[in-house]
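This is what each chain is made of:
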Amino acid sequence: MTARRARSLTASLMVVALVGVSGCKLDALIFDPTAVDAYSFSTAIVPDSLRSVLNFPSGGETLYAVRLRRPGAAPRLTVLLSHGKGGDISRDREWERAQAIWQAGYDVVAYDYRGYGRSTGEST
């Protein structure tokens with residue numbers, strides 16, 4: 001093997017190693033969860049009386065969710081909404097999505113992953 005080829009191979013391996021290591025941390029850099037003490041929801045579409053914040057245990061942690069229910073006592077289908085990893089349930093884009101589903105006639109339960117919003121623990 002020539003010295004030039006050995007240097008090229010070494011450089012290539014270093015690039016692969018660097019990309020591999022940075023790729024392992026890339027998710028944490030892009031999707032850094034933000035904890036909040038309280039949710040702030042717009043009430044322009046869903047009135048406060050039809051919205052409730054819930055919490056439930058999950059593997060030793062507490063997850064938080066918001067339930068949007070349609071008015072009246074008739075049973076309705078409920079959509080479980082899992083938001084993207086870029087925010088929490090009170091983020092404008094996620095909240096607008098939940099409200100749109102509610103406006104379509106469904107009850108909605110939107111929850112935060114561990115480490116997001118008010119949910120405890122760390123994101124995995």
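Residues numbered from 1 in each chain as written. Predicted model: local features only at pLDDT ≥ 70, side-chain atom pairs only at ≥ 80, totals over all residues. Heavy atoms only, no water.

**Q** Looking at this model, I keep getting lost on the pairing of strand β1 (residues 51-58). Mind explaining?
**A** Along any regular strand the residues' side chains alternate between the sheet's two faces. Alignment of β1 against strand β2 (residues 61-68), held across eight bridges, turns out to be antiparallel. Its bridge partner lying in β2, S52 is registered against R67. Between the antiparallel neighbours β1 and β2 lie two residues, among them G59 with a positive phi of about 55 degrees. (Pairing = 2+ DSSP bridges. Helix = DSSP H or I, 4+ residues; strand = E, 2+ residues; numbered from the N terminus.)

**Q** Sorry, what's going on with the packing of aromatic side chains here?
**A** Summed over all chains, the structure comprises four aromatic pairs. Relative to Y113, the ring of Y111 lies with its centre 5.6 Å away and its plane at 90 degrees, an arrangement referred to as edge-to-face. For Y111, a relative accessible area of 18% corresponds to the buried category. Looking at Y113, the relative accessible area reads 22%, which means it is partly exposed. Aromatic pair Y113 and Y116: ring centres 5.8 Å apart, planes at 80 degrees, arrangement edge-to-face. We classify Y116 as buried; its relative accessible area is 1%. A connected cluster of aromatic rings, assembled from ring pairs, spans Y39, F41 and W95. (Phe/Tyr/Trp six-rings, centres within 6.5 Å; stacked < 30°, edge-to-face > 60°. Buried < 20%, exposed > 50% of the residue type's maximum accessible area, 1.4 Å probe, protein only.)

**Q** What exactly am I supposed to notice about the pattern of salt bridges here?
**A** Once their charged atoms are close, side chains differing in charge can pair, the charge on each being opposite to the other. Throughout the structure, instances matching the rule amount to four salt bridges. Residues E94 and R93 are paired through a salt bridge, measuring 4.0 Å at the closest nitrogen-oxygen approach. Judged by its relative accessible area of 5%, E94 falls in the buried class. Among the salt bridges present, the one from R97 reaches E94, with a minimum N-O distance of 2.8 Å. A residue pair is termed a helical-turn pair when its members lie 3 or 4 positions apart in one helix, as R97 and E94 do in helix α2 (residues 92-103) at three residues. Look at R97 and you get partly exposed, because its relative accessible area is 38%. (Salt bridge = Lys/Arg side-chain N within 4 Å of Asp/Glu carboxyl O.)

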